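What follows is each chain in one-letter form.
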Amino acid sequence: MESIGDLMGGFAVVLSWQNLLYMVIGIVLGVIIGVLPGLGGANGVAILLPLTFSMSPTSAIILLSCIYWGALFGGAITSILFNIPGEPWSVATTFDGHPMAQKGQAGEALTAAFTSSFVGALFAVIVITLAAPLVASFALQFGPAEKFSVFFLAFCSFVGMGKEPPTKTIAAMMLGFALAAVGTDTVTGQLRLTFGSTELLGGFDFLIAVIGLFGIGEILLTMEEGLSFKGKAAGINPAVVLQTWKELPRYWVTSLRSCLIGCWMGITPAGATPASFMSYGIAKRASKNGDKFGTGEIEGVIAPETAAHAAGTSALLPMLSLGVPGSPTAAVLLGGLLIWGLQPGPLLFVEQKEFVWGLIASMYLGNIVGLVVVLTMVPFFAAILRIPFAIIAPVILVICAIGAYTVHNNSFDVVMMLVFGIAGYFLKKCNYPLAPLVLAIVLGDKAEEAFRQSLLISQGSLGVFWSSGLVSTIMTLGLIALFWPFLSNLSSKILTPALRK
Amino acid sequence: MSNSPDDPDAAGPRQRHVEMGVAAFILALGAITIFGSLKVGIGWGAEGPKSGFFPFWIGLLIVATSGFNFIKAYAKPSRKLFAEWVQIAQVLKIVWPMAIYVAAVPWLGIYVSSAILIIGFMRWLGRYSWPLTLGIGLGLQIVIYVTFEKWFLLSLPKGPLEDLLGL
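Since we're looking at a predicted model, the values are computed, not measured.

Reading guide: rules and limits
- Residues numbered from 1 in each chain as written.
- Chains lettered and ligands numbered in written order.
- Predicted model: local features only at pLDDT ≥ 70, side-chain atom pairs only at ≥ 80, totals over all residues.
- Helix = DSSP H or I, 4+ residues; strand = E, 2+ residues; numbered from the N terminus.
- Rg over C-alpha atoms; globule rule 2.2 N^0.38 Å.
- Contact = placed C-beta atoms within 7 Å.
- Nonpolar A, V, L, I, M, F, W, Y, C, P; charged D, E, K, R; others polar.
- Axes fitted to C-alpha atoms, helices over the stretch in contact; angles between N-to-C directions.
- Parallel < 35°, antiparallel > 145°, perpendicular 65-115°, else oblique.
- Left-handed = near helix turned anticlockwise from the far one by under 90°.
- pLDDT = per-residue confidence, 0-100.
- Domains from an automatic or database assignment.
- Core = buried A, V, L, I, M, F, W, Y, C linked by C-beta atoms within 7 Å.
- Buried ≥ 20, exposed ≤ 12 C-beta atoms within 10 Å, placed from the backbone.
- Expected span 1.5 Å × (residues − 1).

**Topic: the overall build of chain A**
Within chain A, the regular secondary structure consists of 22 helices and two strands. A compact globule built from 501 residues would reach a C-alpha radius of gyration of about 23 Å, and chain A, at 22 Å, matches this within 12%. Across its three principal axes, chain A shows a C-alpha extent of roughly 70 × 65 × 50 Å. Restricting the contact set of chain A to residue pairs at least 6 apart, pairs at least 24 apart contribute 79%.

The following block contains the structure:
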């Protein structure tokens, strides 16, 4: 097992006082970000990214990925105590988590949520440890056509798996590609779509888009809803934790199934949110207490939390090994790698071994640190949520503005952030998904490059995408994912009458 | 959130009208993309596909899907509200100050603008006492200054006040 040795090397890199300190800071910041409205994993990492330019890449990725783990943990706190999902993937956690808190079992619900998150993440990290090097070495042989087919599959998965109408998903995604195309053409160096504006020469930066769409947009939505926090008291003590831990192994089937769903949904970039809903839905159908779901069943907390964390973590697998992030936050981390001068993708495992394995080792440690931090600091985080919105909103706006400014030290970016924020408000209200839009801005140039290089090889024939077994398999999978709702509809129409007979 | 958008007595813009507007806006962006792509060439050049080749097809897809979304929103006879006027006013309460803030940053610098934004917001919407408002509004600026400029060595935009103080 070569990867075990590499992993141990990674632990040696990570286990320094400085990196452990970054880990704790990252987790605490991440939970705060996950708890506050308007600051989520993706834009929290985007805002803090410029701060890491002066750090070593390994320390920087530890800090940022720990913010991500922290945000994943944080979503559960608001869902259970306040019935307000701090993050979209914790919506399903409110279904049973909040009723448990109302019954006075907040401590049990929180312990179950945090522990399940930890189990899900751990499972996903083990999958990454074992599979990522294999995927990367396999992907080393990829040519431009194979590269494009992977992008194609990733984007088609959004269309097929998303709950939004397919035409809206495609419109949002293509808008992202169009925004990515503005500025200098990476292949020929020619300027395009700038229409003579000097501000647009550099194109649209996805960090600005993320801070605007997710940060400002979210604040506007919260403002519209007129927030009133009515939270349950957060009592968590060692006795409750131990009692709940004794109970949890009983639900190992649910846990395992949720881990698998989460990993699958995280690697194919459907993301943590659908994973948590799907896992909740399946657990409800499979459990013998299924009809009690929604009234405060502990299983209804375990299923979505495990899947969300497994998905959130495994989203880093394709990001590291293929250069295709599985979630918006993974996309921001990928942007970070590019800024630090690292090229994500299969070569990373060869050229930046220390960095990759340091990151993977930090995932193990970060989640252990995270579990300890959230279990001990719940009352503190719940207190943050009680800060009135009239104080927190302008502070978040200022933090977003500073984050947007520091990306390029450019005041125009702050204006763009507001424009993206207002756009995000309307898109969200009209049921357009934001994740594919952001991913398209990040990956647009790379997807286009792969596409054009493939066409150059084939002298303009689209047949290059069906020229070998591998590339045609991935492309066909992509087409299946694209037309999945249509296909599953069709098959149920054909099969159901047959069954009735 | 209240169920008011479904309340027939509540007034506000209709969801389908807003959806039509959003679809039309995206369609326009798609058209601009096509136009810009045509300007740089969408055909085959010496270097392979020209710069406009990829965005041209992207633009076509935007126009096609948004056109579909527009027609779908138009054809759906729903009276569902996008939001109530009260809610829209609520959102505007944060959009206007934000727009002024964004415009003020290059002139006043980020510290003065941020202090004004936070103090104004807390007094106007939150009706907090002056000591608390000033404490948070000014205190945060010091925290930001120390964290960004001293710790992480990132320079933030400054205005006349900072020049006066010699920072």
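Next comes the rest of the write-up.
**Points about unusual backbone geometry**
All names here are of chain A. With phi around 55°, Leu193 is a residue other than glycine that occupies positive phi space. In this fold, Leu193 is placed in the loop between strand S2 (191-192) and helix H9 (206-225). Positive phi is not limited to glycine here, since Asn431 has a value of about 70°. Tracing the chain through its elements places Asn431 in the loop between helix H19 (411-429) and helix H20 (435-457).

**A word on the interface of chain A and chain B**
With 52 residues of chain A at the contact, the number on the chain B side is 55 residues. Looking at the side of chain A that touches chain B, the elements that each hand over two or more residues are helix H8 (166-181), H9, helix H18 (389-408), H19 and H20 of chain A. In terms of residue count, the dominant contributor to the side of chain A that touches chain B is H18 of chain A (11 residues). Taken together, the residues that form the side of chain A that touches chain B break down as 35 nonpolar, nine polar and eight charged.

**Remarks on the packing of helix H4 (residues 57-82) of chain A against helix H5 (residues 91-102) of chain A**
Residue and element names in this part refer to chain A. Running from amino to carboxyl end, H4 crosses H5 at an angle of 55°, the nearest separation of the two axes being 6 Å. By the angle between their directions, the pair H4 and H5 is classed as oblique. Note that H4 runs across H5; the crossing there is right-handed. Residues Ala76, Ser79, Ile80 and Leu81 of H4 pack against Thr93, Thr94, Gly97, His98 and Ala101 of H5. Across the contact of H4 with H5, the residue classes tally to four nonpolar, five polar and no charged.

**What about the packing of H8 of chain A against helix H2 (residues 53-75) of chain B?**
Their axes nearest at 9 Å, the elements H8 of chain A and H2 of chain B cross at an angle of 150°. Comparing their axes, H2 of chain B and H8 of chain A come out roughly antiparallel. For the element pair H8 of chain A and H2 of chain B, the recorded crossing hand is left-handed. Counting all contacts with H8 of chain A, which are made through Thr167, Lys168, Ile170, Ala171, Met174, Leu175, Phe177, Ala178 and Ala181 of chain A, the residues of H2 of chain B involved are Phe54, Pro55, Ile58, Gly59, Leu61, Ile62, Thr65, Ser66, Phe68 and Asn69 of chain B.

**So, the confidence of the model for chain B**
Predicted confidence across chain B gives a mean pLDDT of 86, with 95% of residues reaching 70 or more. Here residues 1-5 of chain B scores under 50 on pLDDT; set against residues more than four positions off or in separate chains, the count is eight contacts.

**Focus: the domain arrangement of chain B**
On domain assignment, one finds that chain B holds domain 1 (4-75) and domain 2 (85-165). Relative to domain 2 of chain B, the C-alpha centre of domain 1 of chain B lies at a distance of 36 Å.

**Quick look at the nonpolar core**
Core analysis: the largest hydrophobic core is formed by 214 residues, its most contacted members being Val210, Met417 and Val438 of chain A. Looking at this core, you find at least three residues from each of domain 1 (4-75) and domain 2 (85-165) of chain B. Leaving out residues up to four positions away in the same chain, Met417 of chain A has contacts with Ile208, Ile211, Gly212, Ile216, Cys400, Ala401 and Ala404 of chain A.

**Remarks on the environment of Ser37 of chain B**
Residue and element names in this part refer to chain B. In this fold, Ser37 is placed in helix H1 (residues 15-40). Among the residues examined, Ser37 registers 25 C-beta atoms within 10 Å and is labelled buried. Here the alpha-carbon distance between Ser37 and Ser114, two residues 77 residues apart in the chain, equals 40 Å.

**A short note on helix H15 (residues 328-339) of chain A**
All names here are of chain A. Here H15 spans 17 Å end to end across 12 residues, near enough to the 16 Å set by a 1.5 Å rise per residue. The element H15 is largely enclosed, with a buried count of 10 among its 12 residues. If you check which residues of H15 are buried, you get Pro328, Thr329, Ala330, Ala331, Val332, Leu333, Leu334, Gly335, Gly336 and Leu337. Buried-residue contacts for H15 involve helix H3 (41-48), H4, H9, helix H14 (316-321) and H20. Directly after H15, the chain includes Gly341, whose backbone phi takes a positive value near 85°.

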